[in-house]
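Remarks on the overall topology
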Amino acid sequence: MSATPKSFFTRKDLLGTRELSPEEITHVLDTAESFREISRREIKKVPTLRGRTVINLFFEPSTRTRTSFEIAAKRLSADTINVSAQTSSVTKGETLLDTARSLEAMSPDLIVLRHSSAGAAHQLARTVRAGVINAGDGAHEHPTQALLDALTIRERKGRITNLRVAIIGDVLHSRVARSNIHLLTKLGANVVLAGPGTMLPEAFGELVKDNLRVEKSVDAAVEGADVLMILRVQRERQTNAFLPSMREYAVHYGLRLEHLKRAAPDAIVMHPGPINRGVEISSEVADSASSLILDQVANGLAVRMAVLYLLTGGTHLAAIDASAATNPAKKNSDKEVHSEA
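So, here is what we can say about the structure in this document. What you see is a predicted model; the values in this text were computed from it and never measured.

Examining unusual backbone geometry
Across the junction of Gly273 and Pro274, the peptide omega takes the value -10 degrees, indicating a cis bond. Even without being glycine, Ser77 reaches a positive phi, approximately 70 degrees. Residue class for Ser77 comes out buried when judged on its relative accessible area of 10%.

Here is the structure:
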């Protein structure tokens, strides 16, 4: 019997894409590819994380990310607990760290954290023994979103290296943009940023490298682009007037059908959601054949299953029901687990 392959991902936490190596990123994506098969089964559940506990600790509103993590954990048979700011003792004045210490006393294996403060996930990871997954910290990073974006691009294009990726919109306030910039450039993509000058500060110059540059107009950014990644205007993070009006933003920076004509013939359109239709993207583009917005949602589930699996010590999916779809005995085992859950 051959030995189980060693994992390229041996971290306790997933806090951002900036610290990940290309090998680690590729390993997560390859693992997520295997987990996609589970969602196509009649019984969408495996016992992989049975006996493990995952706490979703969300201090900001979320639909896609929170639901995705919850479903991912449940499909792996983990026990899942959801805690929001509205239902936690934070409303009574308790600090994040005190909340985390209280939760850790219950011996969770992983804590998925979304917080409005940049660096909150890093601080939590230094404090608790449980693994920490950053589900978005302020305007800093959102690593699983970048990973699912990369999986979506690789699925459609077959590669990431040498693709031209245009990231357009509110880059200043976007944790999605930061995580994608780090990840995509590490995998060899050529990234172009565009947006209002007030949303592309000089401080972003520290990220600029050979395969990353800034354009002043959407037309220049989308020219020949293979991937158009549109960002949401994050008004909840804006304390100053960064734009004269949303209407003016839509006119100058909203993606419309005419922009697709400048891109590569087989260009794809992506958006992390939720969409502000008619502002950063038109309905015609969002609902077009080029749009992979719903594919991103589906791939988010596979990526989060992979991250939960890897952070709890998983190494290679060859040992995890790879043949279950065609193995009647395994299907019966899955049904037993499902009925017990």
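Re the pairing of strand 8 (residues 227-230)
Along any regular strand the residues' side chains alternate between the sheet's two faces. Every second residue of strand 8 is oriented toward a common face, with Val227 and Met229 on one face and Leu228 and Ile230 on the other, all of them buried. Two strands pair when backbone bridges link them, and strand 5 (residues 164-168) and strand 8 are joined in this way by four bridges, in the parallel orientation. Of the residues in strand 8, the one forming a bridge with Val165 is Val227. Examined bridge by bridge, strand 8 and strand 9 (residues 268-270) share three bridges and lie parallel to one another. Looking at the pairing, Val227 lines up with Ile268 of strand 9.

Digging into the sheet that holds strand 2 (residues 79-84)
Strand order across the open sheet formed by four strands is 2-1-3-4, with parallel pairing between neighbours. The open sheet terminates on both sides in strands that have one partner only, identified here as strand 2 and strand 4 (131-137). Adjacent strand axes in the sheet meet at a mean angle of 15 degrees when their direction is disregarded. Each of strand 1 (53-58) and strand 3 (110-115) touches helix 3 (residues 96-104); the most contacted strand, strand 1, lies at about 160 degrees to it.

Quick look at helix 11 (residues 293-311)
Taking 1.5 Å of rise per residue, 19 residues should cover 27 Å, and helix 11 covers 27 Å from first to last C-alpha, within 8% of that figure. Here helix 11 lies mainly inside the structure; 15 of its 19 residues are buried. Just past helix 11, the residue Gly313 takes up positive phi, approximately 100 degrees.

A short note on the sheet that holds strand 9
Taking strand neighbours across the sheet as the criterion, the five strands line up as 7-6-5-8-9 in an open arrangement whose pairing is parallel. Pairing within the sheet leaves two strands with one partner each, and these edge strands are strand 7 (212-215) and strand 9. Here the average twist between neighbouring strands, direction ignored, is 20 degrees. The sheet contact formed by strand 5 and strand 6 (residues 190-194) spans five bridges and is parallel. Paired with Ala166 across the two strands is Val192, which belongs to strand 6. Most of the contacts of helix 5 (residues 143-157) go to strand 9, to which it runs at about 165 degrees, and overall it touches strand 8 and strand 9. The strands that helix 6 (residues 175-186) touches are strand 5, strand 6, strand 7 and strand 8; relative to strand 5, the one it contacts most, it runs at about 170 degrees.

Some details on the packing of aromatic side chains
In this structure the tally under the stated criterion is two aromatic pairs. Between Phe35 and Tyr309, the aromatic rings sit 5.5 Å apart at their centres with planes inclined by 75 degrees, giving edge-to-face as the arrangement. One end of the pair, Phe35, is in helix 1 (residues 22-35); the other, Tyr309, is in helix 11, with 274 residues separating them in the sequence. Neither residue differs from the other here; Phe35 and Tyr309 are each classed as buried.

Here we look at the nonpolar core
Within the largest apolar cluster, 60 residues are counted, with the highest numbers of intra-cluster contacts made by Leu147, Ile153, Ile167, Leu184 and Leu308. Sort the elements by how many residues they give to this core and helix 11 lands first, with ten residues. Ignoring anything within four residues of it in the chain, the contact list for Leu147 reads Leu14, Ile25, Val28, Leu29, Leu183, Val303 and Val307. Counting residues in hydrophobic clusters, the runner-up holds 25 residues, among them Ile168, Val192, Tyr253 and Leu255.

Remarks on helix 2 (residues 64-75)
For the α-helix, the turn length of 3.6 residues means that residues three or four positions removed from each other point alike. Given a rise of 1.5 Å per residue, twelve residues ought to cover 16 Å, and the 16 Å separating the end C-alpha atoms of helix 2 matches this to within 8%. Thr65, Ser68, Phe69, Glu70, Ala72, Ala73 and Arg75 are the residues of helix 2 that are buried. Buried residues belonging to helix 2 abut strand 1, strand 2, strand 3, strand 4, helix 5 and helix 11. Downstream of helix 2 by one or two residues, Ser77 has phi in the positive range, about 70 degrees.

Topic: the packing of helix 5 against helix 6
Two quantities define a packed helix pair, namely the angle between the helix axes and the distance between the axes. As a packed pair, helix 5 and helix 6 sit with axes 8 Å apart at the nearest point and diverge in direction by 55 degrees. The angle between helix 5 and helix 6 falls in the class oblique. Here helix 5 runs over helix 6; the crossing is right-handed. Between helix 5, through Pro143, Gln145, Ala146, Leu147, Asp149, Ala150 and Ile153, and helix 6, the contact on the second element is made entirely by Val176, Ser179, Asn180, Leu183 and Leu184. Per-class residue counts for the contact of helix 5 with helix 6 are eight nonpolar, three polar and one charged.

Basis of the calculations
Residues numbered from 1 in each chain as written. Predicted model: local features only at pLDDT ≥ 70, side-chain atom pairs only at ≥ 80, totals over all residues. Heavy atoms only, no water. Buried < 20%, exposed > 50% of the residue type's maximum accessible area, 1.4 Å probe, protein only. Helix = DSSP H or I, 4+ residues; strand = E, 2+ residues; numbered from the N terminus. Pairing = 2+ DSSP bridges. Axes fitted to C-alpha atoms, helices over the stretch in contact; angles between N-to-C directions. Contact = heavy atoms within 4.5 Å. Expected span 1.5 Å × (residues − 1). Phe/Tyr/Trp six-rings, centres within 6.5 Å; stacked < 30°, edge-to-face > 60°. Core = buried A, V, L, I, M, F, W, Y, C linked by side-chain atoms within 4.5 Å. Parallel < 35°, antiparallel > 145°, perpendicular 65-115°, else oblique. Left-handed = near helix turned anticlockwise from the far one by under 90°. Nonpolar A, V, L, I, M, F, W, Y, C, P; charged D, E, K, R; others polar.

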